[in-house]
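Understanding the architecture of this molecule
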Amino acid sequence: MKKILFVFAIFSLAIVSCGETKKEEVKKEVETPAKEVAKEASDESADDLVAMGEKLFTDKTCVSCHQLDAKIVGPSVKDIVKIYEEKNASLVEFLKGNQEAIVDTDAGQVAIMQANLDGFVKDLKEEELQALAAYMKNVK
């Protein structure tokens, strides 16, 4: 009788311990796709923000003064982003009018830029300003 109880106890432990292993395996299989889906959703929302910013950059005529990698009327987008990153400054705060110009500080250029910002950018929502900044940072 003791042998039967002993064998039964060993058998029960084997079943219980195998069950825990299976639970861990299933848990890992479920968690991994969830993390991948979250990353893909984050990438998609970032891509959507950049696409919105690109459209705004064109629609709000930023492109008429700022080319991606060449100075025409205003500095290139690449130069703007580089200087803002070097100085740890916020493009969004500048676009809101809460920060002074730090790239081209010539008084005449600043006056032209301020008139354009007041005319084309002042009514943009926070998300749209974030989108413009995301697009500009993305063209490095």
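Figured I'd write up the structure that's included with this text. What you see is a predicted model; the values in this text were computed from it and never measured.

This next bit is on the packing of aromatic side chains. For the structure shown, the criterion picks out two aromatic pairs. Taken together, a centroid distance of 5.4 Å and an interplanar angle of 55 degrees make the contact between Phe 57 and Tyr 135 tilted. With a gap of 78 residues between them, Phe 57 in helix 1 (residues 2-59) and Tyr 135 in helix 5 (residues 126-138) connect regions that are remote in the sequence. When sorted by exposure, Phe 57 lands in the same class as Tyr 135, which is buried. Consider the rings of Tyr 84 and Phe 94, whose centres lie 6.2 Å apart with planes at 55 degrees: the pair is tilted. Residue Tyr 84 is located in helix 2 (residues 77-86), and its partner Phe 94 is located in helix 3 (residues 91-96); the two are separated by 10 residues in the primary sequence. Judged by relative accessible area, which is 10%, Phe 94 ranks as buried.

All right, on to unusual backbone geometry then. The phi dihedral of Thr 61 falls on the positive side, at around 60 degrees, and the residue is not glycine. Tracing the chain through its elements places Thr 61 in the loop between helix 1 and helix 2. Accessibility expressed as a relative area gives 31% for Thr 61, which makes it partly exposed.

Attention shifts here to the nonpolar core. Formed by 24 residues in total, the largest nonpolar core has its most connected members in Phe 57, Leu 91, Leu 95 and Met 136. Sorting the residues of this core by element identifies helix 1, helix 2, helix 3 and helix 5 as the ones contributing at least two each. Top contributing element to this core by residue count: helix 5, with seven residues. Leave out the neighbours within four places in its chain, and Leu 95 touches Leu 117, Val 121, Leu 129 and Leu 132.

It is worth spelling out the side chain of His 66 at this point. By the secondary structure assignment, His 66 is in the loop between helix 1 and helix 2. Its relative accessible area of 18% is what places His 66 among the buried residues. In this structure the side chain of His 66 is engaged in a polar contact, spanning 2.7 Å, whose partner is the backbone oxygen of Pro 75. Residue contacts for His 66: discarding those within four places in its chain leaves Phe 57, Ile 72, Gly 74, Pro 75, Val 77 and Ile 80.

Rules of the game
Residues numbered from 1 in each chain as written. Predicted model: local features only at pLDDT ≥ 70, side-chain atom pairs only at ≥ 80, totals over all residues. Heavy atoms only, no water. Phe/Tyr/Trp six-rings, centres within 6.5 Å; stacked < 30°, edge-to-face > 60°. Helix = DSSP H or I, 4+ residues; strand = E, 2+ residues; numbered from the N terminus. Buried < 20%, exposed > 50% of the residue type's maximum accessible area, 1.4 Å probe, protein only. Core = buried A, V, L, I, M, F, W, Y, C linked by side-chain atoms within 4.5 Å. Contact = heavy atoms within 4.5 Å. Polar contact = N/O pair within 3.5 Å; in protein donor to acceptor, adjacent residues only side chain to side chain.

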